[in-house]
Amino acid sequence: VLNAIAADGTVPFLVCAAPLNAAGEPAFALFMTTGLCLCACMIGSLDMVAPLLSICFLTAYAALNFSTFVLGLTRAPSWRPTWKYFHWSLGLAGFLVGLGV
């Protein structure tokens, strides 16, 4: 994932993670990911890491719900939810719950 983000140029300072090695593997992106995981493990206490992970997951959940809210509200032609009970207010409610927690 880090390699794909770097290759797209979404985050400019990650451009160094974009190149692939001779075997076609994103070796530098793997090293960067490994280093990030090792830094998290070196904290040594799960009680210090858990809130950070919780915030990351809640932010992703809130962003997903916000996107369903906006797409449902604007009735974008590319947005075709298949769940028969879908309503844009559910996306708004999920977004607000994600922010509130």
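Residues numbered from 1 in each chain as written. Predicted model: local features only at pLDDT ≥ 70, side-chain atom pairs only at ≥ 80, totals over all residues. Heavy atoms only, no water.

Counted according to the given criterion, the structure contains 5 aromatic pairs. Ring pairing ties together the aromatic residues F66, F69, W88 and F95, which thus form one cluster. (Phe/Tyr/Trp six-rings, centres within 6.5 Å; stacked < 30°, edge-to-face > 60°.)

Okay, a nonpolar patch on the surface next. There is a patch of nonpolar side chains on the surface, built from W83, Y85 and L90 and spanning about 370 Å² of accessible area. Take Y85: it is sitting in the loop between α3 (46–74) and α4 (88–100). (Patch = residues over 30% accessible without salt bridge, like charges linked within 9 Å, V, L, I, M, F, W, Y side chains within 5 Å. Areas by Shrake-Rupley, 256 points an atom, 1.4 Å probe, with all protein chains shown as cover. Salt bridge = Lys/Arg side-chain N within 4 Å of Asp/Glu carboxyl O. Helix = DSSP H or I, 4+ residues; strand = E, 2+ residues; numbered from the N terminus.)

What follows deals with the side chain of N65. For N65, the position within the fold is in helix α3. Note on N65: relative accessible area 12%, which makes it buried. Each residue touching N65, except ones within four places of it in the same chain, is listed here: L90, G91, G94 and F95. (Buried < 20%, exposed > 50% of the residue type's maximum accessible area, 1.4 Å probe, protein only. Contact = heavy atoms within 4.5 Å.)

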